[in-house]
Amino acid sequence: MQAFPLMPDPGKKVPIGSDYYLIYGFDKKPKLGPVIMKVEIFTKEGNKDTSFEVKGNTDMPSMRGAHATGDKAFTLSKRGDYLLPIGIVMPGEWEIRLTVTKDGKTLLRGRYNFNV
Ligand SMILES: [Cu+2]
């Protein structure tokens, strides 16, 4: 079982090793229904980098497995954003586990927990 440390809040820099960082967020405050998670990855100089693979696994910690999506790949938009649609199907605590890889190496695992 891999550890997924809690990430800094949405909008804050999340270091990916020493050379990159990501900033994640949502198209709107997550509530019941569909929401799109957005991840942007930057070099330490602040240039957008689209050479990563980002995956997200969504679930409810209180009923582990009941809504688990498994690792879903974010798709890269024309603007260079990594996007993943997420379905929030009931109120309660939700968790998204991010896995960020580059050239086949996992460089970051992290989670974000939020209440709906
Ligand atoms: Cu549930």
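About the thresholds
Residues numbered from 1 in each chain as written. Predicted model: local features only at pLDDT ≥ 70, side-chain atom pairs only at ≥ 80, totals over all residues. Heavy atoms only, no water. Donors = N, O, S within 2.8 Å, 3.2 Å for Na, K, Ca; no water. Tetrahedral: all angles 85-135°; square planar, octahedral: opposite > 155°, others 65-115°. Helix = DSSP H or I, 4+ residues; strand = E, 2+ residues; numbered from the N terminus. Contact = heavy atoms within 4.5 Å. Buried < 20%, exposed > 50% of the residue type's maximum accessible area, 1.4 Å probe, protein only. Pairing = 2+ DSSP bridges.

(A) Broad picture of the coordination of the copper ion. Donor atoms from the polypeptide that bind the copper ion are M60 (SD), M63 (SD), H67 (NE2) and M90 (SD), placed at 2.0 to 2.3 Å. Seen from the copper ion, its 4 donor atoms lie at angles of 100 to 122°, and the figure they make is tetrahedral.

(B) Examining the environment of G110 more closely. Along the chain, G110 falls in strand β9 (residues 105–115). A C-alpha to C-alpha distance of 9.1 Å links G110 and V14, two positions 96 residues apart in sequence. Apart from residues lying up to four places away in sequence, G110 is in contact with F4, P5, M7, I96, R97 and L98.

(C) Structural detail: the pairing of strand β7 (residues 82–88). Burial along β7 is one-sided: Y82, L84, I86 and I88 are buried, and none of L83, P85 and G87, which face the opposite way, are. Bridge analysis of strand β3 (residues 33–43) against β7 gives 7 bridges, and the strand direction is antiparallel. By the bridge assignment for β7, I36 is matched with P85. Here strand β6 (residues 75–76) pairs with β7 via 2 bridges, running antiparallel. Pairing of L76 across the sheet is with Y82, part of β7. Between β6 and β7, which pair antiparallel in sequence order, lie 5 residues; one of them, G80, sits at a positive phi of approximately 85°.

(D) Up close: the sheet that holds strand β4 (residues 53–59). Pairing in this open sheet of 4 strands is antiparallel, and the strands run β5-β4-β8-β9 from one edge to the other. Every other strand in the sheet has two partners, leaving β5 (72–73) and β9 as the edge strands with one partner each. The pairing of β4 with β5 spans 2 bridges and is antiparallel. Looking at the pairing, G56 lines up with K72 of β5.

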